[in-house]
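Below are the chains, spelled out letter by letter.
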Amino acid sequence: MPSHVEHVGRRFTVAVVLASVVPGLAHAQCPDGSAPPCRSAAGTAPSPTSVAVLYFDNASPDSTDDYLAEGLTEAVIAQLGEVGRISVKSRSAVRRFRGRNVPDLPTIGRTLGVAYLVTGSVQRADRALRVTIELAHTATGTRVWGDQFVGADDSLFALEDNIARRVAEGVAGRLLPTERRAVAAVRLTRNPEAYEHFLRGNYGLAQRTSTGMTRATAEYRQAAALDSGFVSALARVGLAYALRLDWSWDATGASPADSLLDRGEAAADEALRRDPSNSDAWLARGYLLEFRHPHSWDGVMAAFARAVALDPRNAEAWHQMGDAATDMGDDSTAVTAWRRALAIDPGRPITLRAYAQMVVPAEARSLLDSALAVDPGFHLARLSRADIRLAQGDTSGARRDLQASRCEVCAADMWPSWTAWHALSLGSLGDTAAARVEADSVRARLRLSGGLSWRVGVSLALHYLQLGDSATALDLLERISPRGVKLWSLLTGDLSSRFYPVTSSRRFHQIVSDATPPWLPPQAEVFDLPTSATMRTLWVATYTGMYGRARIYARQDRLIVALEGQELGGLLYQGGNTFVASWDHGVRVVFGTGNVPVAGFTVTRRKRVVTYQRVE
């Protein structure tokens, strides 16, 4: 069992990697001085060498060729991004402008803030590929040039290079030799058949559905079989298994007979054996270790840190590092990691939704709006926005989001978790009868005994606590398996106040005890911090941080903390440079380096690091 000292050492390693890879990331990065994700600069003329490549249409009669149009689009986006003079929008930024009923080109151009737009189509006929491309000025929608690229279906590499080079020259003029080399794709494989399977795998992975993950796993395996040196394909086998583990155990915590974890780890380990410098392999390893060591997450953060150090542009690795960090109570690392993912891919819906957990409701609402603009079918963001709207008193908006997020056509293994959360939100809205029907329908589909995943168990338990049924809530919580970092995070984090009806229960204490990570330090005592002339000088001021503006002021012989105008309570002393302020039923802690408070922790026994800076 790792000691607390060892755990602190692992965190220090992660901090060093973050500091070396993204120096200054914790500070504002955007042109307007705001923290990422950056707001668009209204009224500012776009850079003359800025471009967005809209997703190409699949003009083939076979819809299964959708992967080809998507893969070709994303390859061209990536290659254009290698030319320093060109500013290219990420794939997430353009994802909303696909399919039917998209705006005209000038409107899209103004929305994205680019000078040029690229549109196109891909058609496979027999063994030939025909790609039609157009480049247009966004201000007028006028066509700059258009061309058709034709090649055999095993010449996809050459087609990608030709298209990317022509677009780059249309946007930036004649390319320098170094730029011509940069725009040529970095080959993950030289086997065109393996590459097509890889593109099919990426298409399935992006769908984030159970069927998509299964298909992705098979495609990546086929790609790796066709090219034994295709390490990235093998690494993504491991990643696909990790995602299947994370999203497919919705009704039961028991692993399948043919263990996804064992197969995923075998793929990730083999990828690392072949190439220890592969970022995706370290990403898969870190993600899978969450399931191999659910109680301690031993090695998780070190693997993610290795992944982002090897490839600082790996947005998925940054995102997973952020998810893991916040579950471990380290919000500072989480925010840094999510900001980095959004700097790489500004419209990434899953990261926008994660980052929304860290900000005040008004900003969270904006982030969720952005996530849903990119992906209107993103149920997770819609359910989160319903909760935010409800907290802001927008009951009609919350009802609209809940109606749109009903999981009537979800995959069978996804239905329980979404419906359980939907029931919880309905109950919060006051529709207790409808909420009970949904929650009871989920329970009816579950086995009478055995484990439950946290995705189903926690939402259902909170629903029954809303109804005053503590016995059923505790029964559900006791069935959650495994009891580890993920469950501990939910029971002791921002949701902790909702468990108060059962916090005095011996059964609940046992659940929390079983879930508590071994590296968690004991909770320290806190003492009143009396005010004085010295204390006033050191602490009385206004501070700004991710939860808004905090004000520390004196009242009689105490120092008081208020956040966004809401009084949190008195500033208490915990020893050393640690100060705390009670907020609702939890504890928010403010750390001091020297004499200036710069960071914070929150909520009972878990450490959540929050950046605050003195502004007056």
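Here goes a summary of the coordinates provided. (Residues numbered from 1 in each chain as written. Predicted model: local features only at pLDDT ≥ 70, side-chain atom pairs only at ≥ 80, totals over all residues. Heavy atoms only, no water.)

Now for the packing of aromatic side chains. Evaluation of the coordinates by the stated rule reveals 6 aromatic pairs. An angle of 85 degrees between the planes, with centres 6.0 Å apart, marks the rings of W488 and W519 as edge-to-face. Of the two residues, W488 is situated in helix 23 (residues 485–492) and W519 in the loop between helix 24 (506–515) and strand 7 (527–528); the sequence distance between them amounts to 31 residues. Classification of W519 by relative accessible area gives buried; the value is 2%. Note that R166 overlies the ring of W145, its terminal NZ or CZ placed 4.4 Å from the centroid. Above the face of the Y464 ring, R443 is positioned so that its terminal group lies 5.3 Å from the ring centre. (Phe/Tyr/Trp six-rings, centres within 6.5 Å; stacked < 30°, edge-to-face > 60°. Helix = DSSP H or I, 4+ residues; strand = E, 2+ residues; numbered from the N terminus. Buried < 20%, exposed > 50% of the residue type's maximum accessible area, 1.4 Å probe, protein only. Lys NZ or Arg CZ within 6 Å of the ring centre and 35° of its normal.)

This paragraph deals with the pairing of strand 1 (residues 50–53). Successive residues of a regular strand alternate their side chains across the two faces of the sheet. Going residue by residue along strand 1, you find S50 and A52 tucked away on one face and V51 and V53 tucked away on the opposite face as well. As judged from the 2 bridges shared by strand 1 and strand 3 (residues 87–88), these two strands associate in the parallel manner. Among the inter-strand pairings, S50 is bridged to a residue of strand 3, identified as S87. Bridge count between strand 1 and strand 4 (residues 116–125): 3 bridges; the pairing is parallel. Considered in strand 4, the bridge of V53 is made with V118. (Pairing = 2+ DSSP bridges.)

We now examine the pairing of strand 4. Note that strand 2 (residues 57–58) and strand 4 share 2 bridges and pair parallel. Within strand 4, the position partnered with N58 by the bridge is V122. Relative to strand 5 (residues 128–137), strand 4 is paired through 10 bridges, and the arrangement is antiparallel. Bridge pairing in strand 5 links A125 to A128. Here strand 4 folds back onto strand 5, and the loop between the two strands holds 2 residues, one of which, D126, carries a positive phi near 55 degrees.

Bear in mind that shape data such as this cannot, by itself, settle questions of function.
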